[in-house]
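A closer look at the structure
Chain residues, written in single-letter form:
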Amino acid sequence: FESLRCIKGTATDIPWDAVDPAQVVAGTFTDERDGRTYATTTIGSQTWLAENLKYKGDFTSYCYENDDENCEKYGRMYSPDDAKTACPEGWRLPSAQDFVDLENNTGNDMTALRTTEGWESGNGSDLYGFSLYPAGRYSIIGNTLKFVRTQSAVQRDRHSDRLHRQSLFQRD
């Protein structure tokens, strides 16, 4: 189970040079399903939720340490199957290319997306208003669900060039 974030719009070509953080546009989006308002950030032509999805719905989802208060900070974590349909209407899970574009838009400085607190491996600058917390994921170990804290929004598989999605969503 993983926490999720969305990006707005359809996939597009993004310039290879980094976006000036002064050009980032902060906004909001209200999820009509539950009335919750989320911060958004537009980096280049990509509009992302600037916080993890918290929609409970009819999904199997979890909060860190099974404490609903933790969902406010870290969002909910969804199974891979539920993640496919958890995004609000007009939003979608980001593709591997979307993550590459996000990396390029930050000049490959992923610490510019991290929050200024909570990171064991070094806090970020949050220059782009992305507000990325080290939310992590739940893994089934034996017959129990264990929380595994992760340190990066995007991790490359050591055995392939596949990007792992963590904590992120995007909009169609």
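What you see is a predicted model; the values in this text were computed from it and never measured.

1. Concerning the pattern of salt bridges
Enumeration over the complete set of coordinates arrives at five salt bridges. A salt bridge links arginine 36 to glutamate 72; the nearest nitrogen and oxygen atoms lie 3.2 Å apart. Here the residue arginine 36 occupies a position in the loop between β2 (25-30) and β3 (37-43), and glutamate 72 occupies one in helix α1 (residues 68-74), the gap between them amounting to 36 residues. Residue glutamate 72 is classed as partly exposed on the basis of its relative accessible area of 45%. With a shortest N-O distance of 2.4 Å, lysine 54 and glutamate 51 are connected by a salt bridge.

2. Comments concerning the state of the cysteines
Linking two cysteines covalently via their sulfur atoms produces the bond known as a disulfide. Evaluated as defined, the whole model comprises one disulfide. Here cysteine 63 engages in a disulfide with cysteine 71; their sulfurs sit 1.8 Å apart. Handedness of the cysteine 63-cysteine 71 disulfide follows from its S-S torsion of about -100 degrees: it is left-handed. Cysteine 63 gets classed as buried once you look at its relative accessible area, which sits at 2%.

3. Let's talk about unusual backbone geometry
Positive phi, normally seen in glycine, also occurs at asparagine 108, with a value near 60 degrees. Within the chain, serine 131 stands out as a residue other than glycine whose phi angle is a positive 55 degrees. Positionally, serine 131 belongs in the loop between α3 (96-105) and β8 (137-141). On the basis of relative accessibility, which here comes to 22%, the residue serine 131 falls in the partly exposed class.

4. A few points about the pairing of strand β1 (residues 2-8)
Of all seven residues in β1, five are buried, a share of seventy percent or more. Inspection of the sheet shows β1 paired to strand β6 (residues 77-78) by two bridges, in the antiparallel sense. Across the sheet, serine 3 pairs through a bridge with methionine 77, a residue of β6. Sheet topology note: the β1/strand β7 (residues 91-92) ladder contains two bridges and is antiparallel. Of the residues in β7, the one forming a bridge with lysine 8 is tryptophan 91.

5. As for the pairing of strand β4 (residues 46-49)
Side chains Gln46 and Trp48 project from β4 onto one buried face, and the interleaved Thr47 and Leu49 project onto a second face that is buried too. Sheet topology note: the β3/β4 ladder contains four bridges and is antiparallel. Within the sheet, the bridge partner assigned to threonine 41 lies in β4 and is tryptophan 48. Hairpin remark: β3 followed by β4, antiparallel, with two residues in the connecting loop; positive phi at glycine 44, about 70 degrees.

Rules used in this analysis
- Position labels on residues start from 1 in each chain and follow its written sequence.
- Per-residue local features are limited, in this predicted model, to residues with pLDDT of at least 70; the limit for side-chain atom pairs, both in listing and counting, is 80 or more; totals at the level of whole chains, interfaces and linings are taken over all residues.
- Side-chain metrics rest on all non-hydrogen atoms present in the structure, leaving aside hydrogens and water.
- Salt bridges are defined by distance alone: a side-chain nitrogen of Lys or Arg within 4 Å of a carboxyl oxygen of Asp or Glu.
- To qualify as a helix, a DSSP run of H or I must reach at least 4 residues; to qualify as a strand, a run of E must reach at least 2; elements of each kind are numbered from the N terminus.
- Burial classes: relative accessible area under 20% of the type maximum marks a residue as buried, over 50% as exposed, and values in between as partly exposed (1.4 Å probe, protein chains only).
- By definition, disulfides here are pairs of cysteine sulfur atoms that lie within 2.5 Å.
- Whether two strands pair comes down to DSSP finding at least two bridges between them.

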